[in-house]
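Observations on chain architecture
Chain by chain, the residues:
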Amino acid sequence: QVQLQESGPGLVKPSQTLSLTCTVSGGSITTNYYYWSWIRQPPGKGLEWIGFITNSGNTYCSPSLKSRASIFRDTLKNQFTLQLSSMTPEDTAVYYCARLILDSDGWWKVGSWGQGTQVTVSS
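Residues numbered from 1 in each chain as written. Predicted model: local features only at pLDDT ≥ 70, side-chain atom pairs only at ≥ 80, totals over all residues. Heavy atoms only, no water.

This part covers the overall build of the chain. The secondary structure content of the chain amounts to zero helices and eleven strands. In the chain, the succession of helices and strands from N to C terminus is β-β-β-β-β-β-β-β-β-β-β. A globule of 123 residues ought to have a C-alpha radius of gyration of about 14 Å, and the chain, at 14 Å, matches this closely. Referenced to the eigenvectors of the C-alpha coordinate spread, the extents of the chain come out at roughly 45 × 30 × 25 Å. The buried share among the 123 residues of the chain stands at 41%. Long-range contacts, defined as pairs at least 24 residues apart, comprise 54% of the intrachain contacts of the chain with a sequence gap of at least 6. If you sum the accessible surface of the chain, you get close to 6,700 Å²; carbon and sulfur atoms cover 49% of it. Where the 9 positive side-chain charges of the chain centre and where its 7 negative ones centre are 5 Å apart. (Helix = DSSP H or I, 4+ residues; strand = E, 2+ residues; numbered from the N terminus. Rg over C-alpha atoms; globule rule 2.2 N^0.38 Å. Buried < 20%, exposed > 50% of the residue type's maximum accessible area, 1.4 Å probe, protein only. Contact = heavy atoms within 4.5 Å. Areas by Shrake-Rupley, 256 points an atom, 1.4 Å probe, with all protein chains shown as cover. Lys, Arg positive; Asp, Glu negative; His and termini not counted. Charge placed at Lys NZ, Arg CZ, Asp CG, Glu CD.)

If you want it as structure tokens, here you go:
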């Protein structure tokens with residue numbers, strides 16, 4: 001059974017860059033039909049999709065974050081990483097990594113979640 005675990009700093013200063021790594025076990029990030037995503041939830045708000053990296057290494061990010069967000073992977077370590085630059089207090093959120101799968105209707109859905117990690121942006 002696939003498991004995902006986020007790791008990285010819990011506190012980031014404004015203007016700095018966040019780097020979070022998702023370690024995947026029980027499945028390879030290069031396996032076909034799965035995409036690997038970052039999602040966040042600010043306090044009191046809904047989930048916000050950040051972006052994903054495909055099994056072949058192609059990346060896509062939300063238009064609202066594309067200028068600041070980068071996603072890359074390390075296939076040997078079976079990890080993928082989010083880097084989000086120019087952090088502000090509005091970026092405070094619980095950050096999740098997740099595995100996406102294409103369902104039979106042609107829609108992407110979250111198949112597996114990491115436990116989430118709290119990231120607070122504060123000076």
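Back to the write-up after that little detour.
Per the counting criterion, the structure on display carries seven aromatic pairs. A ring pair is formed by F52 and Y60, whose centres lie 5.2 Å apart and whose planes are at 35°; its orientation type is tilted. Taking 5.3 Å as the distance between ring centres and 80° as the angle between the ring planes, the aromatic pair formed by Y96 and W113 counts as edge-to-face. Within this pair, whereas Y96 is found in strand β9 (residues 93-102), its partner W113 is found in strand β10 (residues 108-113), the two being separated by 17 residues in sequence. Chaining the aromatic ring pairs together yields one cluster made of Y35, W49, F52, Y60 and W108. The cationic tip of R99 hangs over the ring face of Y34; the distance from NZ or CZ to the ring centre is 4.0 Å. (Phe/Tyr/Trp six-rings, centres within 6.5 Å; stacked < 30°, edge-to-face > 60°. Lys NZ or Arg CZ within 6 Å of the ring centre and 35° of its normal.)

Looking now at the pairing of strand β11 (residues 117-121). Along any regular strand, the residues point their side chains to alternate faces of the sheet. Here β11 shows a buried face lined by T117, V119 and V121 and an unburied face lined by Q118 and T120. Pairing analysis gives two bridges linking strand β2 (residues 11-12) to β11, with the strands arranged parallel. Each residue of the ladder has a partner; that of V12, found in β11, is V121. Alignment of β9 against β11, held across three bridges, turns out to be antiparallel. Counterpart to V94 in the pairing with β11 is Q118. (Pairing = 2+ DSSP bridges.)

Moving on: unusual backbone geometry. Glycine aside, a negative phi is what most residues show, and trans is what most peptide bonds show. In the Ramachandran plot, Y33 falls in the positive-phi region, its phi being about 80° despite a non-glycine side chain. Along the chain, Y33 turns up in the loop between β3 (18-25) and β4 (34-41). When its relative accessible area of 68% is taken as the criterion, Y33 is described as exposed.

Right, let's talk about the nonpolar core for a bit. The biggest cluster of nonpolar side chains holds 25 residues, and the ones touching the most others in it are W38, F80 and Y95. Those elements that provide at least two residues to this core are β3, β4, β5 (48-53), β7 (69-74), β8 (79-84), β9 and β11. Take this core: its biggest share by element is four residues, from β3. (Core = buried A, V, L, I, M, F, W, Y, C linked by side-chain atoms within 4.5 Å.)

A few words now on the state of the cysteines. Working definition of a disulfide: a covalent bond connecting the sulfur atoms of two cysteines. Across all of its chains, the model carries one disulfide by this definition. Cysteine C61 remains unbridged, with the sulfur of C97 as its closest cysteine sulfur at 15 Å. (Disulfide = S-S within 2.5 Å.)

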